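The chain contents come next:
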Amino acid sequence: MLQKSSPFMKQANLINGEWVQADSGATLDVINPANGQKIGTVPKSGAAETRRAIEAADAAFKLWRKTSVLERHKLLRKLHDAIMDNQQSLAELLTMEQGKSLFEAKGEVGASAAYVLWFAEEGRRTYGDVVPSPWADRRIMVTKEPVGVIAAITPWNFPSSMLARKIAPALAAGCTAVVKPAAQTPYSGLAWGALCEEVGFPKGAVNIVTGAASEIGDEICSNPLVRKITFTGSTEVGKILIQKSAATVKKVSMELGGNAPFIVFDDADIDRAVQGAMLAKYRNSGQTCVCTNRFFVQAKVYDSFVEKLAAATLKLKIGSGMDEGTEQGPLIDEKAVEKVEELIEDARAKGGKIITGGKRHALGGSFYEPTVISEATPDMRFMKEEIFGPVAPVFRFETEEEVVQLANDTEFGLACYFYTGNLGRAYRVMEGLKYGMVGINEGLITTPEAPFGGVKESGLGKEGGHQGIEDYLDTKYVCIGGLGL
Ligand code: NAP
């Protein structure tokens with residue numbers, strides 16, 4: 001069994017270089033969503049363990065911040081290599097706890113390594129400024145310094161790569177970290193501890209605590225040693241963390257919920273749009289923040305798009321992520337299936353037509369049939385709510401102005417996609433959409449080189465790109481006077 005052989009499956013917290021249990025000895029079970037079986041346990045920790053992890057990170061910071069950028073760069077490159085050397089084993093662990101296909105899990109682990117490499121390089125480019133001085137005898141310098149201890153809280157849908165985007169820039173910038181992975185997928189988070197240990201990061205540089213979310217979160221928010229919180233998860237929890245961390249005025253980065261529109265104009269290449277739609281909708285069984293939530297298709301091509309999307313959807317191979325050829329695994333849990341069922345029922349009652357899917361999969365458990373719904377209308381719940389499942393509602397529209405207005409009619413602003421063959425329209429629509437990321441004639445756009453992040457209630461700050469390290473740095477203005485010049 002994998003759980004016996006994987007060197008990365010740690011069932012303990014990592015605090016100050018020691019693998020330890022919760023003070024109370026209490027544990028949480030971790031379940032494989034593909035078969036409902038228990039994989040193992042992790043500590044059910046709370047405030048006290050979190051406080052010790054923060055103190056360890058603070059002690060480590062005093063030394064880590066003094067290391068040279070080159071030294072940090074070299075260690076991060078080693079971390080990249082260690083991830084790639086163990087890609088298969090890390091991917092198996094991820095599939096086992098999260099459910100996605102092994103193919104996608106390997107992709108995610110590869111993406112984690114790519115983020116580490118990117119930030120290893122960006123760490124060497126955290127330039128400051130020398131500013132022309134308004135005074136003859138003074139000079140002005142602007143430098144960048146690590147913020148200090150950072151705390152990272154991550155969700156279950158990308159349990160490896162969401163941490164890569166936080167741990168890598170933090171370490172590259174000279175910060176140290178306290179990490180709280182999601183309760184449903186803690187092993188891919190704890191694996192970061194094992195990897196950092198293996199490649200030689202000093203003890204306390206990365207600490208990982210699992211357990212009671214609000215107790216851990218409250219300690220993180222209230223502890224003055226934590227200078228930055230970086231969170232990926234729901235908008236609801238993000239707002240709580242922003243509010244609670246206000247008392248100690250921390251920097252915050254928030255990667256929150258989405259409600260991505262995917263617009264197909266009648267001048268688009270429809271086959272290309274369908275290909276992009278399959279990636280933008282069904283990756284990770286529709287459980288990604290950048291997954292299409294609403295398809296908007298112009299009237300002239302509506303029927304042909306729905307027909308082609310349904311045909312492609314029907315071909316998806318559903319099964320355990322561990323099985324060869326599986327394209328779509330189970331949803332994370334029963335609650336996720338119930339939410340999908342509610343949204344479909346709501347659409348059905350309001351005139352939506354189920355073209356394919358629309359029910360639980362014969363495999364049982366939390367497997368759900370990929371679903372296409374036509375005749376979607378703005379009064380249906382998925383106009384406003386994140387589906388987080390394999391359901392594609394298709395709305396019909398007539399004009400460019402109408403669709404831009406519909407696409408923007410949400411409090412979210414993470415990713416959006418549109419397909420057109422008209423260059424003028426491409427610019428007009430791109431400039432009209434209030435989103436942090438836009439895919440034009442592309443359905444899969446995430447890459448370490450580009451700034452990932454949302455606007456409006458989808459969040460604050462960017463992960464990836466040269467921007468992705470900025471949030472881990474403080475800017476210091478230095479005025480040097482009395483130069484006698
Ligand atoms: P969630 O319920 O907000 O949980 C995310 C993390 O926050 C988990 O580790 C969770 O711990 C923790 N948490 C929950 N309540 C907390 C509290 N009071 N204090 C501190 N931490 C707390 O989100 P999810 O259901 O796991 O993930 C899905 C959401 O994430 C979706 O909305 C999706 O759009 C969003 N997401 C956004 C991005 C992005 O980059 N913008 C990427 C991926 C996902 P437990 O697991 O222990 O409850």
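Our subject is the structure listed above.
Residues numbered from 1 in each chain as written. Predicted model: local features only at pLDDT ≥ 70, side-chain atom pairs only at ≥ 80, totals over all residues. Heavy atoms only, no water.

(A) Structural context of the packing of helix α5 (residues 102–122) against helix α6 (residues 161–173). It is at 8 Å that the axes of α5 and α6 come closest, and there the two elements cross at 15 degrees. Taken together, the axes of α5 and α6 lie roughly parallel to each other. Judged by the sense of rotation from one axis to the other, the crossing of α5 with α6 is right-handed. Of the residues in α6, those touching α5 at E108, S112, Y115, V116 and F119 are S161, A164, R165, A168, P169 and A172. Residue composition of the contact of α5 with α6, by class: seven nonpolar, two polar and two charged. (Axes fitted to C-alpha atoms, helices over the stretch in contact; angles between N-to-C directions. Helix = DSSP H or I, 4+ residues; strand = E, 2+ residues; numbered from the N terminus. Parallel < 35°, antiparallel > 145°, perpendicular 65-115°, else oblique. Left-handed = near helix turned anticlockwise from the far one by under 90°. Contact = heavy atoms within 4.5 Å. Nonpolar A, V, L, I, M, F, W, Y, C, P; charged D, E, K, R; others polar.)

(B) Representation of the packing of aromatic side chains in the model. In this structure the tally under the stated criterion is nine aromatic pairs. Pairing F262 with F295 gives two aromatic rings, centres 5.0 Å apart and planes at 55 degrees, and the pair type is tilted. Taken as a pair, F262 in strand β12 (residues 260–264) and F295 in strand β13 (residues 292–298) lie far apart in primary sequence, 33 residues in all. Exposure class is identical for F262 and F295. Each is buried. Pairing F262 with Y417 gives two aromatic rings, centres 5.9 Å apart and planes at 35 degrees, and the pair type is tilted. Separated by 155 residues along the polypeptide, F262 in strand β12 and Y417 in strand β17 (residues 415–419) bring together distant segments of the chain. Across the pair, exposure class does not vary: F262 and Y417 are buried alike. Grouping aromatic residues by their ring pairs yields a cluster made of F262, F295, F305, Y417 and Y419. A cation over an aromatic ring shows up here: R165 above the ring of F452, its NZ or CZ 3.9 Å from the ring centre. For the cation-ring pair, K228 lies above Y472, with the distance from its terminal atom to the ring centre recorded as 4.8 Å. (Phe/Tyr/Trp six-rings, centres within 6.5 Å; stacked < 30°, edge-to-face > 60°. Buried < 20%, exposed > 50% of the residue type's maximum accessible area, 1.4 Å probe, protein only. Lys NZ or Arg CZ within 6 Å of the ring centre and 35° of its normal.)

(C) Local environment of the nonpolar core. One finds L79, I83, W192 and F201 to be the most contacted residues of the largest nonpolar core, which totals 55 residues. For F201, the residues in contact, after removing those within four places along its chain, are W64, L75, L76, L79, L171 and C196. Core analysis: the second largest hydrophobic core is formed by 34 residues, V337, A347, Y368 and L433 among them. (Core = buried A, V, L, I, M, F, W, Y, C linked by side-chain atoms within 4.5 Å.)

(D) Highlighting the site of the ligand. Residues in close proximity to the ligand total 29 residues, the closest being T154, A183, S234, L256 and E386. W156 is positioned such that a nitrogen or oxygen atom in its side chain is 3.2 Å from an oxygen atom of the ligand. Taking 910 Å² as the accessible area of the ligand by itself, protein coverage stands at 85%. If you list the elements that add at least two residues to the shell around the ligand, you get α8 (213–222), β10 (226–232) and α9 (235–245). (Near = heavy atom within 4 Å. Polar contact = N/O pair within 3.5 Å; in protein donor to acceptor, adjacent residues only side chain to side chain. Areas by Shrake-Rupley, 256 points an atom, 1.4 Å probe, with all protein chains shown as cover.)

(E) Quick look at unusual backbone geometry. Of note, S285 is a non-glycine position whose phi angle comes to about 55 degrees, a positive value. In this structure, S285 sits in the loop between α10 (270–282) and β13. We classify S285 as buried; its relative accessible area is 3%. In this model, N441 sits at a positive phi of 60 degrees, which is unusual for a non-glycine residue. Looking at the secondary structure, you find N441 in the loop between β18 (437–440) and β19 (459–460).

(F) The state of the cysteines, seen in detail. Within the structure shown, the criterion is met by zero disulfides. C416 takes part in no disulfide bond, and the closest cysteine sulfur, belonging to C289, lies 13 Å away. Look at C416 and you get buried, because its relative accessible area is 0%. (Disulfide = S-S within 2.5 Å.)

(G) Region of the structure containing the environment of S45. For S45, the location among the structural elements is in the loop between β4 (38–43) and α2 (47–64). For S45, the residues in contact, after removing those within four places along its chain, are N13, A22, V209, T210, G211, A212 and I216. There is a polar contact of 2.7 Å between the side chain of S45 and the side chain of N13.

(H) Spotlight on a negative patch on the surface. A surface patch of negative charge is lined by E18, D81, D85, E197 and E198. Looking at the negative patch, the elements that each hand over two or more residues are α3 (69–85) and α7 (186–199). Tracing the sequence through the fold places E18 in strand β2 (residues 18–20). (Patch = residues over 30% accessible without salt bridge, like charges linked within 9 Å, V, L, I, M, F, W, Y side chains within 5 Å. Salt bridge = Lys/Arg side-chain N within 4 Å of Asp/Glu carboxyl O. Lys, Arg positive; Asp, Glu negative; His and termini not counted. Charge placed at Lys NZ, Arg CZ, Asp CG, Glu CD.)

(I) A look at a nonpolar patch on the surface. Together, V130, M141, I480, L483 and L485 line one region of the surface with nonpolar side chains, adding up to about 460 Å² of accessible area. Mapped onto the fold, L485 is located in the segment after β20 (473–480). Of the residues examined, L485 reaches a relative accessible area of 64% and is grouped as exposed.

(J) Main features of helix α12 (residues 334–349). For α12, built from 16 residues, the straight-helix expectation of 22 Å at 1.5 Å per residue is met to within 8% by its first-to-last C-alpha distance of 23 Å. Among all positions of α12, only A336, V337, V340, L343, I344, D346 and A347 are buried. Count one or two residues on from α12 and you reach G351, which has phi positive near 100 degrees. (Expected span 1.5 Å × (residues − 1).)

(K) The arrangement of the sheet that holds β13 in detail. An order of β14-β15-β16-β13-β12-β17-β18 is seen for the seven strands of this open sheet, with the pairing classed as mixed. At either margin of the open sheet sits one strand with a lone partner, and together these are β14 (353–356) and β18. Across this sheet, the average inter-strand angle for adjacent strands is 25 degrees, counted without regard to direction. Pairing between β13 and strand β16 (residues 391–397): four bridges, direction parallel. Pairing of V297 across the sheet is with R396, part of β16. On top of the sheet, α10 reaches β12, β13, β15 (371–376), β16 and β17; it is set at about 170 degrees to β12, its chief contact. Helix α13 (residues 400–408) rests against β12, β13 and β16 of the sheet, and its axis sits at about 170 degrees to β13. (Pairing = 2+ DSSP bridges.)

(L) Summary view of the sheet that holds strand β5 (residues 129–131). Spatially, three strands are ordered β5-β6-β20 in an open sheet, and the strand pairing comes out antiparallel. The open sheet terminates on both sides in strands that have one partner only, identified here as β5 and β20. The sheet shows a mean angle of 25 degrees between the axes of neighbouring strands, taken without regard to direction. Inspection of the sheet shows β5 paired to strand β6 (residues 139–146) by three bridges, in the antiparallel sense. Residue pairing across strands places V131 opposite I140, the latter belonging to β6.

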